[in-house]
Amino acid sequence: QLQNKILILTICAAGIGGTFQYGYNISIINAPASYIQVFMNMTWLERAGVPLQSNVILLLWSFTVSAYPLGGLTGAVVAGPMAIMLGRKMSLLLNNVFVIIAATLSGFSRMAKSFEMIMLSRFFTGVNAGVSMNIQPMYLAESAPKKLRGAVALTSASFTALGLVLGQVVGLRELLGGEESWPFLLASNVVPALIQLTALPWFPESPRYLLIDRGDKESCISALQKLRGTSDLSAELEEMLAEQAAVKGQRAKNPWELFQNAALRWQLVSIVVLSSAMQLCGNDSMYFYAAYVFQKAGIPQDKIPYVVIGTGSCELITSVTCNMIIDYAGRRPLLLGGYIFMAGWAIVFMVALSQQTQISWMPYLSMACIFAYILSFGIGPAGVTGVLPTEVFDQMSRPAAYMICGSLLWFNLFLVGTAFPFIVKSLGHFCYIPFLVVCVCTALYVWFFLPETKGKSFLEISEEFRKRNFKTKTRAGFYKGPEEIKTTTF
């Protein structure tokens, strides 16, 4: 049982300074939005003697908000080289430097009378989230035993959801969301960083990284013993050695090399489709709509922040549920179910929005749709998408695959954030049509093209994709890397 504890503590130490920060930093910026805009105006008035026009304040605010995904994109790009050169664990530890810089900038911004410091701070916070969103699932999936790989890698999504909820709670007026305390709210992200810096050094590096990237068999066995205890390691070690033999003589690939490699065609298409769909499915836009819909449902204005916490809690509950069932249900059913349900709820939501003023109980149906949509997203797409790049790529392609995934994720977050207000303006109540199309197309892709990866070794998954990429049955035995098959025996 001690070893299970060590694995659980490793997950917590990686998660608290990892994807937790992504969720936390997305939600803490919402509460002080109006105070920061007032601060921008007052600062400018002091500097230039004239107040800012309202459209300029809005523009400055949108720069502040979009600095986060821009930082995320930067983080996603540097995450690959970091994971290869420094290792998974060291990269996560070093990543906290960005948060400490960000917290210092935002914490002292009011004292220094500089709103530019807030923008810069959001950029560094984004860099931190971009790195952790890529490296944490990789580190955990490589450290987990095969039968628990899905559940362990999926904890990344649970920590994101936990960060979202805690960010909403800490952002309440009674805590740090008041007019006086917003610099402390923005700087509070330093606490998880310090916890990780204290805890993570005590836990082992990814055994796969130690053996396959570093060629350090002793350290790999020592890391495995810490994580698995006295249980027989020979089968797992044999599987890792087989994967090491499969990639022997290769170096870590660059993202553009994945696009040129015919042996990785379907793997690449799958992660491009699923990573894009994760942001383009409209889940984050539901949060945008939440306050408006709750207001229409007759919830008093001052109570709305508490109900919004309910939406975040929905995502947390489902991602924890998904954790428990992913290694029983499999990846495909969860993705399929998630996107099909989201498509259904999108239709109901648009109908409910269009009838909002005509029928008295429609606002309550809209409210139910918001919760149901977020629940459907949490049960499949939210978590499974982050697990797949680890499973469908070999050790040499994995960091590059996560760079592609992460870049798409952040670019699409930026795209949806920028475009959604215009979509609402032009399509009105039917603003969810683009998201509906994305959900239906993704569900069709999963149904026709994505193989199940549950309970399979990395080599078995590679073999299955090889058959798809080359449409020919290979001889018995395992796929030994994309270059050539040297032997079919272990």
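Residues numbered from 1 in each chain as written. Predicted model: local features only at pLDDT ≥ 70, side-chain atom pairs only at ≥ 80, totals over all residues. Heavy atoms only, no water.

1. Observations regarding the overall build of the protein
Rule in force here: A helix here means a DSSP run of H or I that spans at least four residues, while a strand means a run of E at least two residues long, and both kinds are numbered starting from the N terminus. Restricting the calculation to C-alpha atoms gives the radius of gyration, and the globule rule supplies 2.2 Å times the number of residues raised to the power 0.38. Only protein chains enter the accessibility calculation, which uses a 1.4 Å probe; a residue whose area is less than 20% of its type maximum is buried, one above 50% is exposed, and one in between is partly exposed. Here a residue-residue contact requires only that any non-hydrogen atoms of the pair lie within 4.5 Å. Each accessible area is a Shrake-Rupley result for a 1.4 Å probe, and residues are judged covered by the shown protein chains and nothing else. All tallies of charge rest on Lys and Arg as positive and Asp and Glu as negative; His and the ends of each chain are not included. Charge positions come from single atoms, namely NZ of Lys, CZ of Arg, CG of Asp or CD of Glu.
The number of helices and strands found in the protein is 23 helices and zero strands. Against the globule reference of 23 Å for 490 residues, the protein gives a C-alpha radius of gyration of 23 Å, in line with a compact fold. Expressed as lengths along the three principal axes of its C-alpha atoms, the size of the protein is roughly 75 × 50 × 45 Å. Looking at the protein as a whole, 56% of its 490 residues are labelled buried. Considering only intrachain contacts with a sequence separation of at least 6, the fraction spanning at least 24 residues in the protein is 81%. For the protein, the computed accessible surface area is about 20400 Å², with 69% contributed by carbon and sulfur atoms. For the protein, the separation between the mean place of its 36 positive charges and that of its 28 negative charges on side chains is 4 Å.

2. A few points about the packing of aromatic side chains
To keep it simple, the criterion reads: Each Phe, Tyr or Trp ring, with Trp reduced to its six-membered ring, pairs with another whose centre is within 6.5 Å; inter-plane angles below 30 degrees give stacked pairs, above 60 give edge-to-face pairs, and intermediate values give tilted ones. Lysine and arginine charges are scored as sitting over a ring when NZ or CZ, respectively, is within 6 Å of the ring centre and within 35 degrees of the ring normal.
For the structure shown, the criterion picks out 11 aromatic pairs. Arranged with centres 5.4 Å apart and planes meeting at 80°, the rings of Y22 and W410 form a pair that is edge-to-face. Here the residue Y22 occupies a position in helix 2 (residues 19-28), and W410 occupies one in helix 21 (residues 398-427), the gap between them amounting to 388 residues. Between F123 and F124, the aromatic rings sit 6.0 Å apart at their centres with planes inclined by 70°, giving edge-to-face as the arrangement. Following the ring pairs from residue to residue traces out a cluster consisting of W266, Y445, F448 and F449. Positioned above the aromatic ring of Y68, the side-chain terminus of R122 is 4.6 Å from the ring centre.

3. Focus on the packing of helix 18 (residues 331-354) against helix 19 (residues 362-379)
Where we set the bar: Only the stretch in contact is used when a helix axis is fitted, and all axes are lines through C-alpha atoms; the angle between N-to-C directions ranges over 0 to 180 degrees. With respect to orientation, any angle under 35 degrees is reported as roughly parallel, any angle over 145 as roughly antiparallel, any angle of 65 to 115 as roughly perpendicular, and every other angle as oblique. Helix crossings fall into two classes, left-handed where the near helix is turned counterclockwise from the far one by less than a right angle and right-handed where it is turned clockwise. Any residue that is not Ala, Val, Leu, Ile, Met, Phe, Trp, Tyr, Cys, Pro, Asp, Glu, Lys or Arg is counted as polar, Gly included; the first ten are nonpolar and the last four charged.
Here helix 18 crosses helix 19 at 165°, and the two axes come no closer than 8 Å. As far as their axial angle goes, helix 19 and helix 18 are roughly antiparallel. As for the relative orientation of helix 18 and helix 19, their crossing is left-handed in sense. The residues of helix 19 that touch helix 18, namely those facing L334, G338, F341, M342, W345, A346, V348, F349, A352 and L353, are M362, L365, S366, C369, I370, A372, Y373, S376, F377 and I379. Within the contact of helix 18 with helix 19, the residues separate by chemical class into 17 nonpolar, three polar and no charged.

4. Re the environment of E238
As for its position among the elements, E238 is in helix 13 (residues 234-246). Looking at E238, the relative accessible area reads 47%, which means it is partly exposed. In this structure, the C-alpha to C-alpha distance between E238 and S91, residues 147 residues apart in sequence, is 27 Å.

5. Description of the domain arrangement of the protein
In plain terms, the rule: Where each domain begins and ends follows an automated or database-derived domain assignment. Buried area is a sum: the accessible area each of two parts loses on coming together, probed at 1.4 Å, counted once for each and added.
The domain architecture assigned to the protein consists of domain 1 (1-203) and domain 2 (257-470). Relative to domain 2, the C-alpha centre of domain 1 lies at a distance of 21 Å. Contacts between the two partners involve 41 residues from domain 1, matched on the other side by 44 residues from domain 2. When domain 1 packs against domain 2, close to 3300 Å² is buried across both sides, 68% of that on carbon and sulfur atoms. Interface area lost by domain 1 to domain 2 is led by R149, L154 and Q168, which between them contribute 19%.

6. Some remarks on the pattern of salt bridges
We apply this condition: Criterion for a salt bridge: a side-chain nitrogen of Lys or Arg within 4 Å of a carboxyl oxygen of Asp or Glu.
Per the stated rule, a full pass over the model turns up 14 salt bridges. Where E243 meets R208, a salt bridge forms, and the shortest distance between an N and an O atom there is 3.0 Å. With E243 in helix 13 and R208 in helix 11 (residues 207-213), this residue pair connects regions lying 35 residues apart in the sequence. Assessed through its relative accessible area of 3%, E243 is described here as buried. When salt bridges with common partners are traced through the structure, they connect R88, E142, R208, E239, E243 and R398 into a single cluster.

7. Focus: the nonpolar core
Using the following cut-off: Throughout this description, the term nonpolar core refers to a set of buried Ala, Val, Leu, Ile, Met, Phe, Trp, Tyr and Cys residues connected via side-chain atoms within 4.5 Å.
Core analysis: the biggest nonpolar cluster contains 70 residues, and Y339, W410 and Y432 have the highest contact counts within it. Top element by residues in this core is helix 18. It accounts for 10 residues. Residues from two domains meet in this core; each of domain 1 (1-203) and domain 2 (257-470) gives at least three. The residues touching W410, leaving out its near neighbours within four places in the chain, are Y22, Y68, P69, G72, L73, A76, G126, A129, G130 and M133. Core analysis: the next-biggest nonpolar cluster, separate from the first, contains 43 residues, A14, I29, I36 and A79 among them.

8. Some points on the side chain of N95
By secondary structure assignment, the location of N95 is in the loop between helix 5 (88-94) and helix 6 (96-107). For N95, a relative accessible area of 0% corresponds to the buried category. If sequence neighbours within four positions are ignored, N95 has contacts with V127, N128, V131 and S132.

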